[in-house]
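Here's the letter readout for the chains.
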Amino acid sequence: MGTHWMQEGRQVCILSTWDRSLAATFRLRHLLEEIRKQDCTSLITEGCVIFIRKNFRKKQEVDETLTELVELACQGPLSVIADEVGPVFESENYIFPDFCANLLDRCRSRGCDLHFWASSCYDNVAPEDLYDGGSEGWELVHFTRSLRSPPSVLREIRLAVEITKDRTVRDYTDRGLPDHSDGPPVNWFQHHVPQHGCTRVEDCVVCGGEVARFLCKELRIGLSTSCMGSNSKPHDTDGSLASSKSTPSLRYKDVLILSWTQLREDAPVLRALSSYNVPVCVMKDSDIENVATAHSDVVWAARHHLIFGLMRKIVVVLNNYDDSKGKYISIRLRAMSRCSSQLVVVCPPPECEPD
């Protein structure tokens, strides 16, 4: 939609409504700016990209956003994209439906030309009057085809409690396209508390070593094809083995390590990767744009609720609970779903699940 609007010469505003939409917002802005640079022959150069960063947990910033968008729309045609909108229904700052209703009322009263595209994986962030068939001017569309994760990963995501029990997220439908392969099998590393000598996965050198060996020895991340021997057979993105001549190497930035908790730079599970000379960085708030645009060629470790909307070929999920039965929120829906090829999960075995 953003490209189409820019081709019409419209202003395109990328809006972040809270910290959990920031990564997706940075990514969208980066993509649109790249498109503008590459396409210098059409009206796309006449449009401009506006970036607005707000925190809708604060009422003052909600009001400021309403005023800014209406003023911009009154100056000329304005199109707004807000991905991963929030705060979500469970938050005490759940405000987005009211924000949409107020925005529509103000635009109507002043005759503004504004198009607004908002998205979320949750059903309950749309204006409430949509469910009664009213509210002229708003349209609700459900997109439920998975086009990015392979079937092997998709099966794990579909076990998410948000889909199977809470019903706050719709289940996937058939993608309508043939699957040329099942994708690489999900790789599970089990964290055994007594044997490994620590309770948390983040503190485990043993688990870190197993992950490091898999990434470096099996997937050969960071190894250029020119450095591979004649017997090297790196994994292709569809899970098959291919010759080194035809397969590009996996770069460090193709890997994302996700955890529920904030990791430390010296976390034992990350030190194991460093021992293999793999550059690992823990994402801070100031790094979100870097991660979103894949600027630095390093393995990033982050809290999974701060990378909504981003995808990586290889995702390593660190989890201190066994979720084989899909009982815990967010792990599958928000962490595993970020994987476009090889999923790696580090967690306790089922028999260690707490009562």
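Quick note: structure is the one above.
Residues numbered from 1 in each chain as written. Predicted model: local features only at pLDDT ≥ 70, side-chain atom pairs only at ≥ 80, totals over all residues. Heavy atoms only, no water.

Caption draft 1: Inspection of the packing of helix α3 (residues 59-75) against helix α4 (residues 96-110) at higher detail. Viewed as axis vectors pointing N to C, α3 and α4 meet at an angle of 35°, and their least axial separation amounts to 10 Å. Judged by the twist between their axes, the crossing of α3 over α4 is right-handed. On α4, the residues that touch Val62, Thr65, Leu66, Thr67, Leu69, Val70, Glu71 and Cys74 of α3 are Phe99, Asn102, Leu103, Arg106, Cys107 and Arg110. In the contact of α3 with α4, the residues fall into 8 nonpolar, 3 polar and 3 charged. (Axes fitted to C-alpha atoms, helices over the stretch in contact; angles between N-to-C directions. Helix = DSSP H or I, 4+ residues; strand = E, 2+ residues; numbered from the N terminus. Left-handed = near helix turned anticlockwise from the far one by under 90°. Contact = heavy atoms within 4.5 Å. Nonpolar A, V, L, I, M, F, W, Y, C, P; charged D, E, K, R; others polar.)

Caption draft 2: The arrangement of the packing of helix α8 (residues 205-218) against helix α9 (residues 268-275) in detail. One can describe the packing of α8 onto α9 by two numbers: an axis separation of 7 Å at closest approach and a directional angle of 40°. Note that α8 runs across α9; the crossing there is right-handed. Residues Val205, Gly208, Gly209, Ala212 and Leu215 of α8 lie in contact with α9, whose contacting residues are Pro268, Val269, Arg271, Ala272 and Leu273. Looking at the contact of α8 with α9, its residues break down into 7 nonpolar, 2 polar and 1 charged.

Caption draft 3: Inspection of the side chain of Asp254 at higher detail. Along the chain, Asp254 turns up in the loop between α8 and β6 (255-259). Despite its burial, Asp254 pairs with no opposite charge; the closest candidate is Lys313, at 4.1 Å N-O. Here Arg251 takes part through its backbone nitrogen, which lies 2.8 Å from a polar atom of the side chain of Asp254. For Asp254, the residues in contact, after removing those within four places along its chain, are Arg312, Lys313 and Ile314. (Buried < 20%, exposed > 50% of the residue type's maximum accessible area, 1.4 Å probe, protein only. Lys, Arg positive; Asp, Glu negative; His and termini not counted. Salt bridge = Lys/Arg side-chain N within 4 Å of Asp/Glu carboxyl O. Polar contact = N/O pair within 3.5 Å; in protein donor to acceptor, adjacent residues only side chain to side chain.)

Caption draft 4: Representation of the pairing of strand β10 (residues 339-347) in the model. By the criterion of burial, β10 is predominantly enclosed, with 8 of the 9 residues buried. Relative to β10, strand β5 (residues 187-190) is paired through 4 bridges, and the arrangement is parallel. Its bridge partner lying in β10, Phe189 is registered against Val346. Where strand β9 (residues 312-318) meets β10, 6 bridges bridge the pair, whose relative direction is parallel. Paired with Val316 across the strands is Val344, a residue of β10. (Pairing = 2+ DSSP bridges.)

Caption draft 5: Summary view of unusual backbone geometry. The linkage connecting Gly86 with the following residue, Pro87, adopts the cis geometry, with an omega of 0°. As for its position among the elements, Pro87 is in the loop between β3 (78-82) and α4. Positive phi outside glycine occurs at Asn277, with the angle close to 65°. Positionally, Asn277 belongs in the loop between α9 and β7 (280-282).

Caption draft 6: Structural context of the sheet that holds strand β4 (residues 114-118). Taken in spatial order, the 4 strands line up as β2-β1-β3-β4 in an open sheet, and their pairing is parallel. The open sheet is flanked by β2 (49-53) and β4, the only strands paired with a single partner. Mean inter-strand twist for the sheet, computed between neighbouring axes without regard to direction, equals 20°. As paired strands, strand β1 (residues 11-16) and β2 are joined by 5 bridges and run parallel to one another. Within the sheet, the bridge partner assigned to Ser16 lies in β2 and is Arg53.

Caption draft 7: α9, seen in detail. Those residues of α9 that sit buried are Pro268, Val269, Leu270, Ala272 and Leu273. Turning to α9, the residues buried within the fold contact α8, β6, β7, β8 (299-303) and β9. Within two residues after α9, Asn277 carries a phi angle of roughly 65°, on the positive side.

Caption draft 8: A look at the nonpolar core. In terms of nonpolar packing, the biggest core is built from 31 residues, with Leu215, Ile221 and Leu270 touching the most fellow members. Going through the elements one at a time, α8, β6, α9, β7, β8, β9 and β10 are the ones with two or more residues in this core. Ranked by residue count, the leading element in this core is α8, at 6 residues. Residues Ile157, Ala335, Leu343 and Cys347 belong to the second largest nonpolar core, which totals 27 residues. (Core = buried A, V, L, I, M, F, W, Y, C linked by side-chain atoms within 4.5 Å.)

Caption draft 9: Representation of α8 within the structure. An ideal rise of 1.5 Å per residue puts 20 Å on 14 residues; α8 measures up with 19 Å between its terminal C-alpha atoms. Looking at α8, one finds that the buried residues are Cys207, Gly208, Gly209, Val211, Ala212, Phe214, Leu215 and Cys216. Where the residues of α8 are buried, they touch β5, α7 (193-196), β6, α9, β9 and β10. Arg220 lies just past α8 and shows a positive phi near 60°. (Expected span 1.5 Å × (residues − 1).)

Caption draft 10: How the structure looks around the side chain of Glu202. Relative to the helices and strands, Glu202 resides in the loop between α7 and α8. Of note is the side chain of Glu202, whose polar atom sits 3.1 Å from the side chain of Ser259. In this structure Glu202 touches Ser259, Thr261, Leu263, Ala267, Pro268, Val269 and Asn320, once residues within four positions along its chain are discounted.

Read these as layout, nothing more, since geometry by itself doesn't imply function.
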